[in-house]
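Take a look at the letters that make up each chain.
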Amino acid sequence: MNFQLTEEQELLRDVARKFAEEHLAPGVIERDDKAKMPVDQIKQLGELGFMGIMVPEKWKGAGMDTVSYVLAIEEISRIDASAGVILSVNNSLVCQIFLDWANEHQLKSYLTKLASGKWLGAFSLSEPQSGSDASNLRTFAEKSNGHYILNGTKNWVSNGISSDLVIVFALTTKGIGYKGVSAFCVEKGTPGLTTGKKEEKLGIRGSDTCELYFENCKVPVENLIQEEGSGFHIAMKTLDGGRIGIGAQAVGIAQASLDRALEYSKERKQFGKPISSFGAIKSKLAQMATKIEASRLLVLRAAALKDNHQPYAKEAAMAKLFASQTAMETSRDCVQIFGGYGYMQEYGVERLMRDAKITQIYEGTSEIQELVIAKTILEK
Ligand code: CAA
């Protein structure tokens, strides 16, 4: 077993780290407070190839592997988890769908724009009555004269407001469960597609989330991805990969929590000594460091399996489950180590705790990850 990264992987990680520290760290507290997206930084990340890390260079991506992708998402999320999810959705949910399932026309029309950061993508599966029960959709796409007419409401769409293209899952046949789900690419600006208000969120406030409304929205038949009925399979397979990215985002938040806690505990003196000299604090720091290493290894293993074309659904679910739990626990312990200061916005560690929570919810809740893992191990 070789735990060594390649030179290219290390280089990409270092570029991501430098970019995050120089361009995302300034203003991160203000962006969180005002719920402002890092628009310029996302454009720059696009120019550097970070919006299509796994997309071949011929489509204007970076042509790197999944391991490189998770290293980048961790580094970006260590400084700004909102930027982390903006990238993660565009890379592993949207660009990946094009790489795995799109036809030549769809690739030519959209992939270069998405991978180069000219356009931003969103992935729209959930509906008000359909979160974990992902196939229980109501949005309906009726075929008529060379078009599909979409009607329905989608919600919790990450990048929903700023995106230029949305991958939308809708029923094309009712009453046959997941076999009636189809996937479409829908351009923003298509008549009949409107965005709802920007949601006020607990965390990752620098990324926008909204509802999407489809009212007789006419989408050309060429925008159907694969064939009618293949949508649920596409969503599930794509989310398997997406979950590795969210695992990496969680590792980034957890690492930031440890970095801040280490720094502070060495500086902060109580009872005449740095608090890092107390057993209670040492124990917390050691637990945090160990859980982070374990989470990172789970994420890298799932990414390596994907790169080697081996099954990785269970490993991706394990990586997301464990890393998101680690992000929650380490960010909570970081706030605890900071004490009263940790509860104040100005110190920027309460944000880590708020950002961590979503990693246990989106791209499948922790309970759904347990279900995926249990199903796989029981079937063996
Ligand atoms: N990978 C690949 N295929 C899978 C799969 C997985 N993880 N889980 C299910 N499937 C396939 C099954 O093999 C089956 O296909 P076949 O009949 O061809 O074998 C088909 O899907 C149906 O499977 P189930 O009967 O198990 O489906 P189900 O209706 O019971 O649901 C579920 C299974 C795991 C609960 C699924 O609904 C699920 O993953 N729910 C969570 C949804 C989710 O993650 N939403 C995230 C929204 S997007 C988002 O969050 C983006 C963002 O904002 C950042």
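Residues numbered from 1 in each chain as written. Predicted model: local features only at pLDDT ≥ 70, side-chain atom pairs only at ≥ 80, totals over all residues. Heavy atoms only, no water.

**Brief notes about unusual backbone geometry**
In the Ramachandran plot, Ala-35 falls in the positive-phi region, its phi being about 55° despite a non-glycine side chain. Within the fold, Ala-35 resides in the loop between α2 (28-34) and α3 (39-47). In this structure Ala-35 comes out as buried when scored by relative accessible area, which is 10%. A positive phi angle, close to 50°, is found at Asn-216, a residue other than glycine. Here Asn-216 shows up in strand β7 (residues 209-220). The class for Asn-216 is exposed, based on a relative accessible area of 54%. (Helix = DSSP H or I, 4+ residues; strand = E, 2+ residues; numbered from the N terminus. Buried < 20%, exposed > 50% of the residue type's maximum accessible area, 1.4 Å probe, protein only.)

**Some thoughts on the nonpolar core**
Residues Phe-98, Ile-167 and Phe-169 are the most contacted members of the largest nonpolar core, which totals 93 residues. Top contributing element to this core by residue count: helix α7 (residues 231-267), with 15 residues. (Core = buried A, V, L, I, M, F, W, Y, C linked by side-chain atoms within 4.5 Å.)

**With respect to the domain arrangement of the chain**
Each domain of the chain was delimited in the assignment, giving domain 1 (7-119), domain 2 (122-229) and domain 3 (235-378). Opposite the 10 residues of domain 2 that make contact, domain 3 presents 12 residues. Taken over both partners, the interface formed by domain 2 and domain 3 buries close to 760 Å², and the fraction arising from carbon and sulfur atoms is 75%. Between the two partners, domain 2 and domain 3, sit 0 salt bridges. Counting every contact that joins domain 2 to domain 3 gives 2 residue pairs in polar contact (both at pLDDT 80 or more). Among the residues making up the side of domain 2 that touches domain 3, the classes are represented as 6 nonpolar, 3 polar and 1 charged. (Domains from an automatic or database assignment. Contact = heavy atoms within 4.5 Å. Buried area = accessible area lost by both parts, 1.4 Å probe. Salt bridge = Lys/Arg side-chain N within 4 Å of Asp/Glu carboxyl O. Polar contact = N/O pair within 3.5 Å; in protein donor to acceptor, adjacent residues only side chain to side chain. Nonpolar A, V, L, I, M, F, W, Y, C, P; charged D, E, K, R; others polar.)

**Some points on the packing of helix α9 (residues 313-338) against helix α10 (residues 350-358)**
Across the interface, α9 lies against α10 with an axial gap of 8 Å and an inter-helix angle of 165°. In terms of their interaxial angle, α9 and α10 are classed as roughly antiparallel. The hand of the α9/α10 crossing is left-handed. Residue-level contacts link Ala-327, Met-328, Ser-331, Arg-332 and Val-335 of α9 to Glu-350, Leu-352, Met-353, Ala-356 and Lys-357 of α10. Among the residues forming the contact of α9 with α10, the class breakdown is 6 nonpolar, 1 polar and 3 charged. (Axes fitted to C-alpha atoms, helices over the stretch in contact; angles between N-to-C directions. Parallel < 35°, antiparallel > 145°, perpendicular 65-115°, else oblique. Left-handed = near helix turned anticlockwise from the far one by under 90°.)

**Structural notes on the pairing of strand β2 (residues 140-144)**
Where β2 meets strand β3 (residues 147-158), 5 bridges bridge the pair, whose relative direction is antiparallel. The partner of Glu-142 across the bridge, within β3, is Ile-149. In this antiparallel pair of consecutive strands, β2 and β3, the connection spans 2 residues, and Asn-145 shows a positive phi of 50°. (Pairing = 2+ DSSP bridges.)

**Observations concerning the site of the ligand**
In the vicinity of the ligand there are 21 residues, among which Ser-132, Ser-158, Tyr-178, Asp-240 and Glu-363 approach most closely. Side-chain polar atom of Arg-243 to an oxygen atom of the ligand: 2.9 Å apart, as the coordinates give it. Residue Glu-363 places a main-chain N or O atom 2.8 Å away from an oxygen atom belonging to the ligand. For the ligand, the accessible surface in isolation is 1,100 Å², of which the surrounding protein chains cover 73%. Only α5 (81-101), β3, α7 and α11 (366-379) provide two or more residues apiece to the shell around the ligand. The dominant element in the shell around the ligand, judged by the number of residues it contributes, is α7, at 5 residues. Residues belonging to the shell around the ligand are distributed by class as follows: 11 nonpolar, 6 polar and 4 charged. When residues of the shell around the ligand are assigned to domains, at least three fall in each of domain 2 (122-229) and domain 3 (235-378). (Near = heavy atom within 4 Å. Areas by Shrake-Rupley, 256 points an atom, 1.4 Å probe, with all protein chains shown as cover.)

**Overview of the pattern of salt bridges**
For side chains of opposite charge, pairing can occur when their charged atoms come near one another. For the coordinates displayed, the defined rule picks out 23 salt bridges. We note a salt bridge from Arg-78 to Asp-259, for which the minimum N-O separation is 3.2 Å. Taken together, the residues span a long stretch of sequence, with Arg-78 in helix α4 (residues 66-79) and Asp-259 in helix α7 at a distance of 181 residues. Notably, a salt bridge pairs Glu-350 with Arg-354, separated by 2.8 Å at the nearest N-O pair. With Glu-350 and Arg-354 both in helix α10 and 4 residues apart, the pair spans about one turn of that helix.

**Some details on a nonpolar patch on the surface**
Taken together, the side chains of Met-1, Phe-3 and Leu-297 make up a nonpolar region of the molecular surface, amounting to roughly 440 Å² of accessible area. Residue placement: Leu-297 occurs in helix α8 (residues 279-307). (Patch = residues over 30% accessible without salt bridge, like charges linked within 9 Å, V, L, I, M, F, W, Y side chains within 5 Å.)

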